[in-house]
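What follows is each chain in one-letter form.
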Amino acid sequence: MERYPDFSVDGSAPGTPLPPGEADRFLEQPRASFLESNTGNSVQSTPNNSSPLLVANKHETDHELQQAKPGSGTKRGRLVILTLVGLGVLAVIVLAVVLPVYFKVIKPRQNQDNLTSGSSASGSSAGSGSVGSGSGNPASPSGATSGGDGSEIIVDGGANFTYKNPFGGYWVYDPNDPFNNNARPNSWTPPLNTSWDWTTDRIYGVNLGGLFVIEPFITPSFFEKYTTAVDEWTLSEAMAADTGTGGGLSQLEDHYNTFITEQDIAEIAGAGLNWIRLPIPYWAIETWPGEPFLAKTSWKYILRVLGWARKYGLRVNLDLHTIPGSQNGYNHSGKLGQVNFLNGVMGIANAQRTLNYIRIITEFIAQQEYLDVVPMFGIVNEALLSTIGKDQLTDFYLEAHNMIRGITGLGAGNGPFISIHDGFVGLDSWAGFLPGSDRINIDTHPYFAFDNEPNDSPIATGLGSDAGGIWPAQACNAWGPDINSSRSDFGVTIAGEFSNGYNDCGLFLKGTSSYTPSYGGDCNLWQDASTWNDTVIDGVKAFALASMDATQNWFFWTWKIGNSTANNRVESPLWSYQLGLEGGWIPTDPREAVGACAAQGVSQPWNQTFQSWQTGGVGAGTIAATATAEFGVWPPAQISGVAVDQMAFVPTYTPTGSVATLPPPTLTATTKSISEGNGWFDSSDTTSAATAIAGCSYPNAWDAISATVPATVCGGGVVTTSTAAAASTVISASTTGVISVPATTSTTADDTTITQ
């Protein structure tokens, strides 16, 4: 978010397509209004059998009447007429009885059977609880291993809740088959064990912001308690210094454990959503000396969220939200202030360290156990291109691409999509990016809240079609055409963040320091949703629907905002999907957004075609020679903040450190021997990690913009290596400039057990 500084049941491999004909049984996926030139204003209806049935009955009755000869004076004729009248009355009675039974009982059951049988390799009904072993699940009162709308879920501690999903979704959890990927969040989304079609399937997602990367406006109570804190760095310092009752860094672990629960994930699936974007910090893996963050603690809770996502059929876009040295200087990068990633004296060293963390996460999520659950990996959130430079970022992205594909292999089904952010320079700047690369998608974060404009044009302008004022059209015009152009010119394009925040009102939205919002009206209204009337609610909803239709594949920022301590309420309600569902300004069915932009007269259809290499097909991984010639050198020969003649003296790290691997979950309630993986997909990747060179003096990696470049070489300076020769082949991890060492030098990030 841009903010101001202050295994399948039948044993088939994950992602295996359904047998021929199976996919036909899925309900047709509604499409956003930009997808076709002939756009409409209403959601496409699901095909049903009512018309053919009724027409057939009418046709038969007409035919029978045509056989009778009205006007005949014979008894036979009258008998025929009376018989036909009697048959007609009988037919009416039969229809009156049969049709309601058909449409209320038989047809819904057929639809449910089609959905469940089309989504499970075993062909069993998820609602019956028989997906998986069908019994022995302690998280269900009946022991069932699957269930749909109305089923009961028991959570840790013995509490329970009712799963509410009116969209044909069902959960699956079998302790004896914990990596079962049969679950499905709704009828229009393929189950986890079925391939995602990037052309026709739509991402309706939500972020779990503020869970593992703390942000002031999402968890305001922390920053109300520690008033000197402005980011997670200073918050961690303040917590660590608080040795009284209720103090200490353990407050953060309590937050990880309680802020988002299993019921939240179930509610996300029940709201018609199908993806979550999960921001995570690099300190889930480790910290280095001097960094105050709570290290090696959040990973077990990250695994728990991944387990819940699997249970409810939600795909995950795992997003590395923080980068050593900070990639943007925003408070959600870990530390407010400087950009020390690919910028300044420690820019290269921080990038070396970042590549290692990307590598470690890739090794984990490329494992078969997580391949279907995490189909997308955001490798650097919101890198500030205006400071770093596009050429430098492209060098880094190419190096990361080659490293990742060296681990996963090339082509669809081999590791996740690599998601990169547009750097706030516009999607058109990335057209034609690295042609021939393997599954890179572009992520944009469209917001009006941070445009420094008053944005005081009224949104509460009426009900229905009069709602929203100028704002629905603004969203459609500003975002829709650009995103469709990007899908043609770049490839897969997503809106990894957006919100209902058309203005910049919200407690701590722009940081904890005192500031005057740019909004030209009274922010008190927008910090207390309990005061909103129907026109405000309808106006915000109209803006939400237009934003969803314009962005097409989206992740709302964010699912939940915590209450403030001062007023015990959400004081940034425009940013809470959960609160919007409760209050009526978020649609209970995201498909309601289809056609919203067409209704505004905005349409720039996409041609519905990706090039094969863009989605992991033919040509994926054969990057054009022109691109490798221009960007296939690592590290970059020049970065911002360092003179050209000093680049040879820029501090770098040595590749001799131990690798901190990410451990798998500790399985519980299991009576079978099950492999949970070892956290490392590519056993041939035995290279070391970047580490400081003994005897060298390094500037503060988080505060090196004004540091003096060393007068002597420490770490070899910047010695570039070309990856161009290897660009059309699978790249080994050693191309990142690290050396091979025995795999026994690894350490785990955390081996604490947590119940799944």
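Since the structure is predicted, the reported quantities are computational estimates derived from the model, not experimental observations. Every chain begins its residue count from 1, and numbering advances along the sequence as written. Only residues with pLDDT of at least 70 are given local features in this predicted model, and only at 80 or more are side-chain atom pairs given and counted; all residues enter the totals for whole chains, interfaces and linings. Hydrogens and water molecules were not included; the side-chain quantities draw on all heavy atoms of the structure.

Colleague: In this structure, what is going on with the overall build of the chain? I would like to understand it.
Modeller: Looking only at helices and strands, the chain features 17 helices and 18 strands. Note on classification: 1.4 Å probe, protein chains only; a residue is buried when its accessible area is under 20% of the maximum for its type, exposed when over 50%, partly exposed between these limits. Going through the 756 residues of the chain one by one, you find that 56% of them count as buried. Split by element, the accessible area of the chain, about 28100 Å² in all, is 53% carbon and sulfur. Secondary structure elements are defined from DSSP: runs of H or I of at least 4 residues count as helices, runs of E of at least 2 residues count as strands, and each element is numbered from the N terminus. For accessible areas, the Shrake-Rupley method is used with a probe of radius 1.4 Å. Any residue's cover is judged against the shown protein chains and nothing else.

Colleague: How do you make sense of helix α7 (residues 299–312) when you look at a structure like this?
Modeller: Given 3.6 residues per turn, any residue in an α-helix points the same way as the ones three and four places further on. Take the residue count of a helix, subtract one, and multiply by 1.5 Å to get its expected span. Helix length check: α7 (14 residues) gives 20 Å between terminal C-alpha atoms against 20 Å at 1.5 Å per residue, within 8%. Among the 14 residues of α7, 13 are classified as buried, and the element is accordingly described as predominantly covered. Two residues or fewer past α7, Gly313 is found with a positive phi of approximately 80°.

Colleague: Help me understand the pairing of strand β7 (residues 315–320), please; the structure alone is not making it clear to me.
Modeller: Each regular strand displays side chains that alternate between the two surfaces of the sheet. Burial runs high along β7: 6 of the 6 residues are buried. Neither face of β7 is exposed, since Arg315, Asn317 and Asp319 on one face and Val316, Leu318 and Leu320 on the opposite face are all buried. At this point the chain moves from strand β6 (residues 275–280), through α7, to the parallel β7, and the crossover so formed is right-handed. One ladder, built from 3 bridges, connects β7 with strand β8 (residues 376–380); its direction is parallel. Bridged to Asp319 within β8 is Gly378. Looking down the strands as they point away from you, a crossover is right-handed if its path from the first strand over the helix to the second goes clockwise. A pair of strands is treated as paired once DSSP finds two or more bridges between them.

Colleague: How should I be thinking about the packing of helix α5 (residues 250–258) against α7 in this particular structure?
Modeller: Angle between the axes and distance between the axes are the two parameters that describe a pair of packed helices. Between α5 and α7, the shortest axis-to-axis distance is 10 Å and the interhelical angle comes to 5°. Accordingly, the angle class assigned to the pair α5 and α7 is roughly parallel. Touching Glu253, Tyr256 and Asn257 of α5 are Lys300, Tyr301 and Arg304, all from α7. Charged means Asp, Glu, Lys or Arg here, nonpolar means Ala, Val, Leu, Ile, Met, Phe, Trp, Tyr, Cys or Pro, and polar covers whatever is left, Gly included. Split by residue class, the contact of α5 with α7 holds 2 nonpolar, 1 polar and 3 charged. Inter-axis angles, ranging from 0 to 180 degrees, are taken between N-to-C directions of lines fitted to C-alpha atoms, where helices are fitted over the stretch in contact. Oblique is the label for any angle not under 35 degrees, not over 145, and not in the 65 to 115 range, which are roughly parallel, roughly antiparallel and roughly perpendicular in turn. Contact criterion: two residues are considered in contact whenever any of their non-hydrogen atoms come within 4.5 Å of each other.

Colleague: I keep staring at the nonpolar core and nothing clicks. Help me out?
Modeller: As a rule of thumb, nonpolar side chains are buried together in soluble globular proteins. Here, nonpolar core means buried Ala, Val, Leu, Ile, Met, Phe, Trp, Tyr and Cys residues that are tied together by side-chain atoms lying within 4.5 Å of each other. By size, the foremost hydrophobic cluster in this structure holds 169 residues, and its most contacted members are Leu208, Leu278, Ile379, Phe396, Ile420, Trp526 and Trp575. Among the elements that take part in this core, helix α8 (residues 347–365) stands out by supplying 10 residues, more than any other. For Phe396, the contacting residues outside a window of four places in its chain are Phe341, Leu342, Ala351, Thr354, Leu355, Ile358, Val380 and Trp634.

Colleague: Honestly, the confidence of the model for the chain in this entry has me stumped. Any pointers?
Modeller: When pLDDT drops low, the exact placement of atoms in the prediction is not to be read closely. For the chain, mean pLDDT is 83; residues scoring 70 or higher make up 78% of the total. The pLDDT value tells you how sure the predictor is about a given residue, anywhere from 0 up to 100. Confidence drops under a pLDDT of 50 for residues 91–124, and excluding neighbours within four residues, the segment shows 51 contacts in the predicted structure.

Colleague: Whenever I open this one, the packing of aromatic side chains confuses me. Can you help?
Modeller: Any two aromatic rings considered together are summarised by their centre-to-centre distance and by the angle between their planes. Centre distance within 6.5 Å is the pairing criterion for rings of Phe, Tyr and Trp, where only the six-membered ring of Trp is used; planes under 30 degrees apart are then read as stacked, over 60 as edge-to-face, and the remainder as tilted. Within the structure shown, the criterion is met by 49 aromatic pairs. On the numbers, 5.5 Å between centres and 85° between planes, the contact of Trp196 with Trp275 is edge-to-face. Taken together, the residues span a long stretch of sequence, with Trp196 in the loop between β4 (171–172) and β5 (204–207) and Trp275 in strand β6 at a distance of 79 residues. The buried category is assigned to Trp196, whose relative accessible area is 12%.

Colleague: Which parts of the structure should I look at to understand the state of the cysteines?
Modeller: As used in these notes, a disulfide is a covalent bond between sulfur atoms, one from each of two cysteines. Disulfides are defined as pairs of cysteine sulfur atoms found within 2.5 Å of each other. Counted under the stated rule, the structure contains 2 disulfides. In this model, Cys476 is linked to Cys597 through a disulfide, with the two sulfur atoms separated by 2.1 Å. Between Cys476 and Cys597 the sulfur-sulfur dihedral comes to about -90°; the bridge is accordingly left-handed. Taken as a pair, Cys476 in helix α12 (residues 471–489) and Cys597 in helix α16 (residues 596–599) lie far apart in primary sequence, 121 residues in all. A residue is classified by how much of its surface remains accessible, and Cys476, at 0% relative accessible area, is buried. Judged by relative accessible area, which is 0%, Cys597 ranks as buried.

Colleague: What is the right way to look at the pairing of strand β10 (residues 440–444) in this model?
Modeller: The buried count for β10 comes to 5 of 5 residues, which makes it a mostly enclosed element. Side chains of β10 alternate between two faces, with Ile440, Ile442 and Thr444 and Asn441 and Asp443 buried alike. The pairing of β10 with strand β11 (residues 493–498) spans 3 bridges and is classified as parallel. Following the sheet pairing, Thr444 is matched in β11 by Ala495. Taken together, β10, α12 and β11 constitute a β-α-β crossover, and its handedness is right-handed.

Colleague: Just checking my understanding: could you explain the environment of Gly150 for this structure?
Modeller: With respect to the element layout, Gly150 can be found in the loop between β1 (146–147) and β2 (152–154). The sequence separation of Gly150 and Tyr163 amounts to 13 residues, and the corresponding C-alpha distance is 5.4 Å. Apart from residues lying up to four places away in sequence, Gly150 is in contact with Thr162 and Tyr163.

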